[in-house]
Each structure stands twice: as structure tokens, then as C-alpha cells.
Amino acid sequence: MFKVKTKFLALLMTCTFLLITACGGGPSTAGGNTAEPAKSAAGGNTGSETVAPAEPVTIEFWYGLGGKLGENMQTLIDKFNSSQQEVIVKPVVQADYSETERKLQAAIASGNVPGAILSSNADWARKGYYAPIDELIAATADFNPEDVVPTFLEQGKVDGKQFFLPMYGTTQVMYYRKDALEKNGLTPDDMKTWEGLAAAAEKMAVKEGGKTSFYGWEPMWGAGNMIDAVYSKGGTILSEDGKTVLIDSAEWVETWDLFRKWIHEDKIMRIHSGGQGWEYWYKTIDDVMKGQAAGYIGSSGDQGDLDFSIVAAMEQPGWEGIGEGKPVAEAIMAGIPAAASPEQQQAAMKWYTFFMNAENTAFWSMNTGYIAVRQSALDNPEFVAFSEQNPQATIPLKQATHASKPFQDPTGGKIQDALSIAADKVQISNVPAAEALKEAKETAQRELDRINK
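Here we summarise the structure given alongside this text. (Residues numbered from 1 in each chain as written. Predicted model: local features only at pLDDT ≥ 70, side-chain atom pairs only at ≥ 80, totals over all residues. Heavy atoms only, no water.)

**A closer look at the pattern of salt bridges**
Put simply, the rule is: Should a side-chain nitrogen of Lys or Arg be within 4 Å of a carboxyl oxygen of Asp or Glu, the pair is scored as a salt bridge. Runs of E in the DSSP output that reach at least two residues are strands. Runs of H or I that reach at least four are helices, and both are numbered from the N terminus. Relative accessibility thresholds used throughout: buried, under 20% of the residue-type maximum; exposed, over 50%; partly exposed, between the two (1.4 Å probe, protein chains only).
Taken as a whole and judged by the stated rule, the model has 21 salt bridges. Across the pair Glu 254 and Lys 233 runs a salt bridge, and its minimum N-O distance is 3.9 Å. Highlighted residues: Glu 254 in helix H10 (residues 250-265) and Lys 233 in helix H9 (residues 224-233), separated in sequence by 21 residues. Given the relative accessible area of 46%, Glu 254 is considered partly exposed. According to the relative accessible area criterion, Lys 233 is buried, its value standing at 16%. Linked by salt bridges that have partners in common, Glu 218, Arg 270 and Asp 287 make up one network.

**Structural notes on the pairing of strand E9 (residues 295-299)**
Worth spelling out the cut-off: Two strands are said to pair when DSSP picks up at least two bridges between them.
Of all the 5 residues making up E9, 5 are buried; the element is thus mostly covered by neighbouring parts of the structure. Note that strand E6 (residues 164-177) and E9 share 5 bridges and pair antiparallel. Considered in E9, the bridge of Val 173 is made with Gly 298.

**Observations regarding the packing of helix H13 (residues 358-368) against helix H14 (residues 381-389)**
Put simply, the test is: For helices, the fitted axis covers only the stretch in contact; all axes are lines through C-alpha atoms, and the angles between them, taken along N-to-C directions, range from 0 to 180 degrees. Oblique is the label for any angle not under 35 degrees, not over 145, and not in the 65 to 115 range, which are roughly parallel, roughly antiparallel and roughly perpendicular in turn. Here a crossing is taken to be left-handed if its near helix is turned anticlockwise relative to the far helix by less than a right angle, and right-handed if that turn runs clockwise. Two residues form a contact once any of their heavy atoms are found within 4.5 Å. Amino acid classes used here: Ala, Val, Leu, Ile, Met, Phe, Trp, Tyr, Cys and Pro are nonpolar; Asp, Glu, Lys and Arg are charged; the rest, including Gly, are polar.
Where H13 meets H14, the axes come as close as 9 Å, and the angle between the chain directions of the two elements is 20°. Our classification of the angle between H13 and H14 gives roughly parallel. The element H13 and its partner H14 pack so that their crossing is left-handed. Two secondary-structure elements touch here, H13 through Ala 362, Ser 365 and Met 366 and H14 through Glu 382, Phe 383 and Phe 386. When the residues that make up the contact of H13 with H14 are grouped by side-chain class, the tally is 4 nonpolar, 1 polar and 1 charged.

**Here's the deal with the packing of helix H16 (residues 414-427) against helix H17 (residues 433-452)**
At a minimum axis distance of 9 Å, the contact between H16 and H17 shows a crossing angle of 165°. Classed by the angle they form, the pair H16 and H17 counts as roughly antiparallel. You can see that H16 and H17 cross each other, and the crossing is right-handed. For the pair H16 and H17, contact is made by Lys 414, Ile 415, Ala 418, Leu 419, Ala 422, Lys 425 and Val 426 and by Ala 433, Ala 436, Leu 437, Glu 439, Ala 440, Thr 443, Ala 444 and Glu 447, respectively. The residue makeup of the contact of H16 with H17, split by class, is 10 nonpolar, 1 polar and 4 charged.

Any link to function would need more than the numbers given here.
Here you go:
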């Protein structure tokens, strides 16, 4: 980690600067790191008194991104570092988002935290582990919060204070092999409902000797895809008053048991689970790209890893008689640890402002498929031209217009943990959804009751 200069050196530099200014010294150069020679009282240059170059503030930026995402993040870090001389961002790559948070927890305990981190945790913000950034935003003239997509910016608030900034938006969309649909006489319109997707998956799946050699579809491991489907059917996690857990309702049980049936009984779908970091995710992508599955549900951010001469994108399905899908659209947030020094916090804000400007958020969207966080990015000429040539880039934006907000777990993650355990039981262990969700509801309700006492 970067260590700031001692108070003595800082005081010495400050006094030197004030002395030079008082003597009529000229302005610094564009980088702010050097000054013109100080002038004598007679008006001439002394030729010997100069201010030493200000040392840039170095901060570590922790993030859990691999593949093309990691490459694009490195590109923007390099661009930022070469664009100015006040801040140096040092990338520290983690395996995934979860590992990033685990490592931060250890760093907080040791007091040796990064200056910036691609992670957010509302409960930790309430405990004082993250720094509130409202004053930093107000002091940053070119940040312009009004231009940030409102729902994304709102997701970074905790108890009315801004603790996190949206680096990019994401929503899970459908990717399908064009040749698989064509071979079976199908079109994307046949998969606009979950019922239609299941029928299409049955038609496209290839079974030999009781085993499936080509899968009609691959949902992504975890509760996410199944929760999206529940939201699209009208289900919710909590009651309106926030006091009752509703994950054992008919919308939940019926939806999750369909996924279990498609995977374990019909064998027209499958999931990859486990492994290190994002291993399961890339195995799912590989199945589709290598011709072992017709399609999958994955992040809008997968677009940088896909070959769109082979695949195409579409929005997630709705349900027959109910309407269009309502999957979650959320912002991937970055924060500033409270234990970082004031200089590091300011440096982190400078880096975030650069990453979020219209040009760079458009670059990120074009190269990754994630959703730009600034409304002005949609007017970026390069993005407009790119969207015309790459229509898949518009799918996440279109879906986000009717998407659901991400669930804010009032228990600090205990309800989400219960859902994750239930999802593994359904997807991996073939446990009936009613049984798995009943157990999850009991666990989640106990945790909710504990905080509502």
C-alpha cells in the first residue's frame, strides 16, 4: 500500500509553496507538479529556488474481474494513469466479487485497506467500514450526479447517504445459437415465454442412450435466474411491510420446481456448479460456444466473451398470460474504505469520476455488454454507431426499462444465503422446491424477526 509522506515533509512543502507564492512565483505547469523559478524582490529570477515535484498519490483498486472484463478494466486503468499526474491506480485482481469482499474483510481487520474497491455492502457501510462520499461528490465539479442513471445511483445509498457509486449496470439476458434455432425451425419469438423456452429446449435437446449430448438450454448456477423468473410471475421476497418472508408462495414453488424438472427429470437443461471463481460461468459459456448447448442465461457483461457470428441475444422471457419478463437490473458498485487516508479517498473519487464519464462508460458498455451508467453515454457518437452495427448491445438497455430492482436484504445477507442454499438443493440435489423453500423461509423468517424486534 502507498504510504503518505510524513507530516514534517508535508509541512515543509506547504511552507515552501506559500513562501514562493508570497514572493510572486508564477503558476505551476499543467500537471501541477512543478513551478517556475521564484523571483527575487527586484523582479528577477533567482534561478535556484524551485518546488520539488508533488509525488502522486498511489491507490490500490481491488476488483474481481476475469477474461475480457479484466482486460478492459486494465485498459481504462492505463488510460487514467497516463491522463494525469496526480493519482496512480494500482490494479489488484481478485478471483471474483466474493473473494474481493472476503479479502476486504481481512484488510479492514488489519487496517491495511485499498483506496478503492469494486464491492459494496450496505451492512458494512452502516458499521462504518465504508466512507460516505456525498462531500467528495459535491467537491468534484465534473462529476454531475444528475447525469447518472437515477436507479443506479439510488442503489448506492444507505440510509439516505451515498456510500457507493455505480461503475456499470448489469442484467441477465438470453444468448442463443442461431444455428440451433434454425435447424429446429425455431425463432426467438418461440422463446418469449418460459413455457415457450421449455418447449424449444425440448425440441433442440439431443438424447442418446438415455443421456443428453446436446442441451436445449443452460440456466446459470445459483438463485439469480430462478428469482428473475419468480419476479416475472409476480412473486416477491418480502411482504409490503417488510415483516414477512414470502419465498414459499405458489409463484416461488411452481417456478423453482419447473427448473428442477427441466434439469433432473426432462434432462433438457443443465447447470455447471462449483469450481474456482468464475469457472462455472465460463464452462456454461463454453458449452454454447462449442456447440454442446443451444443457449444460456448470462450477464449482459458476457458480450465481450461471445462471438456474435454464432450467437445472438434476446431479453429474458415472461410468462403466458402475465406479460413481459421483469428480471433484476442492478448496478455493480464501488466504494471507498473508511480507513483509507483522506488523500487516498480523494484519489479514489478522481478515479471513479474518470471511469464513469460519458466516453469511458460508453467504452465499457461497447466492449463488455454492461449497461452504461450515464444517460449522456447514449448520445456518444461511437456508441450510437456501435449499436447500429451490434444490435445485441441494445438488449440489456431495453430489458432494464422494465426490470425489477435488486433485493436489499435487511438481514445483511441472511435471507440471500438461505435462498442460495435452497437453490443448490433444487438445482444440484433434486430436492423438491416446496421442501427446499419451506426450510429457507423458516431460516429467513427467524433472521428477519430478529432484526424487527
